[in-house]
Amino acid sequence: QVQLVESGGGLVQAGGSLRLSCAASGRTFSRYAMGWFRQAPGKEREFVAAISGRYTYSTYYADSVKGRFTISRDNAKTTVYLQMNSLKPEDTAVYYCATDSTSAVDTHRPWDYWGQGTQVTVSS
């Protein structure tokens, strides 16, 4: 059974930084794509960033976070990270970690496994 557990959310002032972590278990971590999505109050869930599985480990970002957020993965620790810098109030949302059943990243279809989410609040 695949399990994803996020941590690292919190309250931060605009311009600050946070690092989210997502610990995965239940299958061969390195093989599959990992991603971060977010959902703000009253809005639909949206793609934030993703990293493909072995062997390419290519990264993908939403235009709204490009240049500010960095996704990375540590296969030995079966953990994916989202480093968020220069945070803005519009980044406030619940952030979800997800993994798919393929190594490639496809943000146009529902991903198979999701974490419980972690709240990120950016104050102005």
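Our structure is the block above this text.
Reference entry: report on the structure contained in this document. (Residues numbered from 1 in each chain as written. Predicted model: local features only at pLDDT ≥ 70, side-chain atom pairs only at ≥ 80, totals over all residues. Heavy atoms only, no water.)

**Side note on the nonpolar core**
Stage number 1. Counting 34 residues, the largest nonpolar core has W36, V80, L82, M84 and Y95 as the members making the most contacts within it.
Stage number 2. At the level of secondary structure, the elements contributing two or more residues to this core comprise β3 (18-25), β4 (34-39), β5 (46-51), β7 (69-74), β8 (79-84), β9 (93-99) and β11 (118-123).
Stage number 3. For this core, the leading source of residues is β5, giving 5 residues.
Stage number 4. Ignoring any residue separated from it by four or fewer positions in sequence, one finds V80 in contact with L20, S21, C22, F29, M34, W36, I51, I71, S72, R73 and C97. (Core = buried A, V, L, I, M, F, W, Y, C linked by side-chain atoms within 4.5 Å. Buried < 20%, exposed > 50% of the residue type's maximum accessible area, 1.4 Å probe, protein only. Helix = DSSP H or I, 4+ residues; strand = E, 2+ residues; numbered from the N terminus. Contact = heavy atoms within 4.5 Å.)

**Observations concerning the pairing of β11**
Stage number 1. Burial of the side chains of β11 is restricted to one face: T118, V120 and V122 are buried, whereas none of Q119, T121 and S123 on the reverse face is.
Stage number 2. Inspection of the sheet shows strand β2 (residues 10-13) paired to β11 by 4 bridges, in the parallel sense. Its bridge partner being in β11, L11 is matched across the sheet by T121.
Stage number 3. For β9 and β11, the ladder comprises 3 bridges, and the chain directions are antiparallel. Opposite V94, over in β11, you have Q119 as the bridge partner. (Pairing = 2+ DSSP bridges.)

**With respect to the pairing of β8**
The side chains of a regular strand alternate, first on one face of the sheet and then on the other.
Stage number 1. Of all 6 residues in β8, 5 are buried, a share of seventy percent or more.
Stage number 2. Pairing of β3 with β8 involves 6 bridges; the strand directions are antiparallel. Bridging from a neighbouring strand, L18 pairs with M84 of β8.
Stage number 3. Across 6 bridges, β7 lies against β8 in antiparallel orientation. Bridge assignment links I71 to a residue of β8, and that residue is L82.
Stage number 4. The antiparallel pairing of β7 with β8 creates a hairpin that spans 4 residues between the two strands, and T78 there sits at a positive phi of about 45°.

**What to know about the packing of aromatic side chains**
Stage number 1. Under the definition given, this model contains 3 aromatic pairs.
Stage number 2. Ring geometry for F37 and F47: centres 5.7 Å apart, planes at 70°, overall edge-to-face. Within this pair, whereas F37 is found in strand β4, its partner F47 is found in strand β5, the two being separated by 10 residues in sequence. Residue F37 shares its accessibility class with F47, and that shared class is buried.
Stage number 3. An aromatic cluster of at least three residues, connected via ring pairs, comprises F37, F47, W111 and W114. (Phe/Tyr/Trp six-rings, centres within 6.5 Å; stacked < 30°, edge-to-face > 60°.)

**Comments concerning the state of the cysteines**
Stage number 1. Summed over the entire model, instances satisfying the criterion amount to 1 disulfide.
Stage number 2. Each disulfide pairs two cysteine sulfurs, and for C22 the partner residue is C97, the sulfurs being separated by 2.1 Å. Measuring handedness by torsion sign, the sulfur bridge of C22 and C97 sits at about -80° and is left-handed. With C22 in strand β3 and C97 in strand β9, the pair connects residues that are 75 residues apart, well separated along the chain. Comparing C22 with C97, the two get one shared label, buried. (Disulfide = S-S within 2.5 Å.)

Any functional reading would require information that these geometric values do not contain.
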